[in-house]
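Spelled out from the first residue to the last, the chains are:
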Amino acid sequence: AGFQLALGSANAAVATVTPTGLAVTGAITSTSIKFGSGTVLSTYEEGTWTAAATATITPPTVIQTGIGVYTKIGRQVTATCSSLNSVSMVGSVGNLKITGLPFTSSSSTGNGAMGSCVLFNIDTPAGAVTLSAWLGNGDNFVQFFATVDNTIYQLVTDNSTVAGRIWFTVTYFV
């Protein structure tokens with residue numbers, strides 16, 4: 001037989017060490033995890049957020065929204081949105097941006113983030129060779145950078161009349 005450890009009130013969870021590993025019955029809950037000599041991880045959260053496609057100066061005539069998901073572990077947040085599927089930027093002025101992130105990024109230098117993205121039927125600069133999702137220090141919105149002909153980069157401005165799709169993931173710190 002193995003070693004058993006009862007956890008919680010009325011032995012709600014039991015951990016048993018067996019010759020092949022650790023078997024757990026019931027639910028083990030914790031309010032924090034301590035690493036090494038003092039770092040404590042005390043936050044884990046999953047949820048949804050509402051993404052809105054807009055512009056930096058004038059919003060489009062109709063702002064299209066979609067549902068995104070996020071995971072927050074400690075200070076690190078990963079936000080994903082793959083539901084902006086009918087984006088029309090008619091009437092907009094300025095750079096394309098997605099608002100509504102679940103948390104504002106840290107304003108400390110170096111806490112901005114780059115992420116991956118797919119832009120379909122969205123006006124991108126001529127000669128664009130790469131596209132990236134970008135979140136600046138202290139921001140709660142995502143913009144999109146294009147590298148053009150491997151010489152310059154610029155933010156994506158879109159005022160097309162064709163419905164496009166915007167999907168992205170960005171990981172950042174709060």
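What counts, and where the lines are drawn
- Residues numbered from 1 in each chain as written.
- Predicted model: local features only at pLDDT ≥ 70, side-chain atom pairs only at ≥ 80, totals over all residues.
- Heavy atoms only, no water.
- Helix = DSSP H or I, 4+ residues; strand = E, 2+ residues; numbered from the N terminus.
- Buried < 20%, exposed > 50% of the residue type's maximum accessible area, 1.4 Å probe, protein only.
- Polar contact = N/O pair within 3.5 Å; in protein donor to acceptor, adjacent residues only side chain to side chain.
- Contact = heavy atoms within 4.5 Å.
- Phe/Tyr/Trp six-rings, centres within 6.5 Å; stacked < 30°, edge-to-face > 60°.
- Lys NZ or Arg CZ within 6 Å of the ring centre and 35° of its normal.
- Core = buried A, V, L, I, M, F, W, Y, C linked by side-chain atoms within 4.5 Å.
- Pairing = 2+ DSSP bridges.

A. Quick look at the side chain of serine 106. If you trace the backbone, serine 106 turns up in the loop between β9 (96–99) and β10 (113–120). For serine 106, a relative accessible area of 13% puts it in the buried group. For serine 106, the side chain forms a polar contact with the main-chain nitrogen of serine 108, separated by 3.2 Å. Discounting residues that sit within four places of it in the chain, serine 106 has contacts with Arg75, Asn111, Asn137, Gly138, Phe173 and Val174.

B. How the structure looks around the environment of threonine 78. Structurally, the position occupied by threonine 78 is in strand β8 (residues 76–87). Threonine 78 gets classed as partly exposed once you look at its relative accessible area, which sits at 24%. In this view, threonine 78 contacts Val69, Tyr70, Thr71, Thr169, Val170 and Thr171; residues no more than four positions away in its chain are not counted. Only 2.9 Å separates the side chain of threonine 78 from the side chain of threonine 171, close enough to count as a polar contact.

C. The arrangement of the packing of aromatic side chains in detail. One pass over the structure, following the stated rule, counts five aromatic pairs. When the ring of tyrosine 70 is compared with that of phenylalanine 103, the centres are 5.4 Å apart and the planes differ by 85°; the resulting orientation is edge-to-face. Of this pair, tyrosine 70 sits in strand β7 (residues 65–73) while phenylalanine 103 sits in the loop between β9 and β10, placing them 33 residues apart in sequence. The structure contains a cluster of three or more aromatic residues connected by ring pairs, namely Trp49, Phe144 and Phe168. A cation over an aromatic ring shows up here: lysine 97 above the ring of phenylalanine 141, its NZ or CZ 4.4 Å from the ring centre.

D. Molecular detail of the environment of threonine 61. Looking at the secondary structure, you find threonine 61 in the loop between β6 (44–55) and β7. Along the chain, threonine 61 and serine 88 lie 27 residues apart, while their C-alpha atoms are 8.5 Å from each other. For threonine 61, the residues in contact, after removing those within four places along its chain, are Val90 and Gly91.

E. Local environment of the nonpolar core. Ranked by size, the top nonpolar core spans 28 residues in total, and within it Trp49, Ile98, Val142, Phe144, Ile166, Phe168 and Tyr172 carry the most contacts. Broken down by secondary-structure element, the contributors of at least two residues to this core are β6, β8, β9, β10, β11 (128–135), β12 (141–148) and β14 (164–173). At five residues, β8 tops the list of elements feeding residues into this core.

F. Examining the pairing of β7 more closely. Here β7 shows a clear split, with Gly66, Gly68, Tyr70 and Lys72 buried on one side and none of Thr65, Ile67, Val69, Thr71 and Ile73 buried on the other. Both β6 and β7 contribute to a ladder of nine bridges, which runs antiparallel. In the sheet register, tyrosine 44 faces β7, and the bridge partner there is isoleucine 73. Here β7 runs beside β8; their pairing, made up of six bridges, is antiparallel. Following the sheet pairing, glycine 68 is matched in β8 by cysteine 81. Connecting β7 to the antiparallel partner β8 that follows it, the hairpin turn spans two residues, and glycine 74 within it adopts a positive phi of roughly 60°.

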